[in-house]
Amino acid sequence: MTVEEAILSRRSIRRFQNRDIEPDKLHAVLEAGRIAPSASNRQEWRYIAVKDSTRRRQLAEAARQQFFVAEAPVVLVCCADTNEHIMTCGQKCYPIDLAISIDHMTLRAVELGLGTCWIGAFDENKVKNLLSIPAAIRVVNLLPIGYPAETPSPRSRLGMAQMTCEEIWRF
Ligand SMILES: Cc1cc2nc3c(=O)[nH]c(=O)nc-3n(C[C@H](O)[C@H](O)[C@H](O)COP(=O)(O)O)c2cc1C
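Residues numbered from 1 in each chain as written. Predicted model: local features only at pLDDT ≥ 70, side-chain atom pairs only at ≥ 80, totals over all residues. Heavy atoms only, no water.

This part covers the overall build of the chain. For the chain, the count of helices and strands is seven helices and four strands. Each helix and strand of the chain, ordered N terminal to C terminal, gives the series α-α-β-α-α-β-α-β-α-β-α. Relative to its length of 171 residues, the chain is compact, with a C-alpha radius of gyration of 17 Å against a globular reference of 16 Å. Dimensions of the chain, computed from C-alpha atoms along their principal axes, come out at roughly 55 × 40 × 30 Å. A burial count over the chain gives 38% of its 171 residues as buried. A total of about 10,200 Å² of accessible surface is found on the chain, and carbon and sulfur atoms cover 50% of it. When the 22 positive and 20 negative side-chain charges of the chain are each reduced to one mean point, those points stand 5 Å apart. (Helix = DSSP H or I, 4+ residues; strand = E, 2+ residues; numbered from the N terminus. Rg over C-alpha atoms; globule rule 2.2 N^0.38 Å. Buried < 20%, exposed > 50% of the residue type's maximum accessible area, 1.4 Å probe, protein only. Areas by Shrake-Rupley, 256 points an atom, 1.4 Å probe, with all protein chains shown as cover. Lys, Arg positive; Asp, Glu negative; His and termini not counted. Charge placed at Lys NZ, Arg CZ, Asp CG, Glu CD.)

Going through the model one piece at a time under the given rule, you end up with one aromatic pair. Arranged with centres 4.7 Å apart and planes meeting at 70°, the rings of tryptophan 169 and phenylalanine 171 form a pair that is edge-to-face. The ring of tyrosine 147 carries the charged tip of arginine 19 above its face, separated from the ring centre by 3.5 Å. (Phe/Tyr/Trp six-rings, centres within 6.5 Å; stacked < 30°, edge-to-face > 60°. Lys NZ or Arg CZ within 6 Å of the ring centre and 35° of its normal.)

For the rest of this paragraph, the subject is the packing of helix α2 (residues 23-34) against helix α5 (residues 93-111). Close contact between α2 and α5 brings their axes to 7 Å; oriented N to C, the two are set at 145°. Relative to α5, the crossing made by α2 is right-handed. On the side of α2, the interface is formed by Ala28, Val29, Leu30, Ala32 and Gly33, while α5 contributes Ser101, His104, Met105, Arg108 and Ala109. Its residues assigned to classes, the contact of α2 with α5 shows six nonpolar, three polar and one charged. (Axes fitted to C-alpha atoms, helices over the stretch in contact; angles between N-to-C directions. Left-handed = near helix turned anticlockwise from the far one by under 90°. Contact = heavy atoms within 4.5 Å. Nonpolar A, V, L, I, M, F, W, Y, C, P; charged D, E, K, R; others polar.)

A few words on the pattern of salt bridges. Inspection of every chain in the model, using the stated rule, returns eight salt bridges. Taking the shortest distance from any N to any O, the salt bridge between arginine 138 and glutamate 84 comes out at 3.8 Å. With a gap of 54 residues between them, arginine 138 in strand β4 (residues 138-146) and glutamate 84 in the loop between β2 (74-80) and α5 connect regions that are remote in the sequence. Here arginine 138 and glutamate 124 are joined by a salt bridge, their closest N and O atoms 3.0 Å apart. Residue arginine 138 is found in strand β4, and its partner glutamate 124 is found in helix α6 (residues 124-131); the two are separated by 14 residues along the sequence. Taken together, the shared-partner salt bridges connect Glu84, Lys92, Glu124 and Arg138 into one network. (Salt bridge = Lys/Arg side-chain N within 4 Å of Asp/Glu carboxyl O.)

As structure tokens, then:
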């Protein structure tokens, strides 16, 4: 599968088969996240692979009762060990770095026949309490991973002309 094919076929998956992920596949997904670029190579990402069904259910509850999250055999809890470093441009590094690493993983997952869904709607304090995550660590995203049990159609996107212009701001 080419990078383009992975990008084009990725969808948010919200129904998962009742089937475990092979350990080497999970490792390959995490490896894609591990080698991602980050600002000053800070690599703030820390990933907790939650497989226990009770914990997955508790995570789903902390994610506004999005119970499909618990259907996935693995929920990656995507954390940042961060000093909240600010780049010269004024942006915090860690949400950007985490997003790049997570996106690498979502695309590698597609190549391996797996589905994922970014979950940003969750109560961070509840997730931290559930998994004994220290106060200084931020939880950026939950990523359920598993074999898809649905093939969603592509969702609409802005047209090229709505998102690009040339030379100066012309939107
Ligand atoms: C940062 C982020 C947070 C998201 N949070 C949720 C979420 O909490 N629950 C959910 O079902 N989908 C969530 N999504 C998935 C988006 O709804 C989805 O990516 C978007 O509708 C486009 O659909 P597609 O991923 O299938 O292309 C999130 C996506 C991103 C990038």
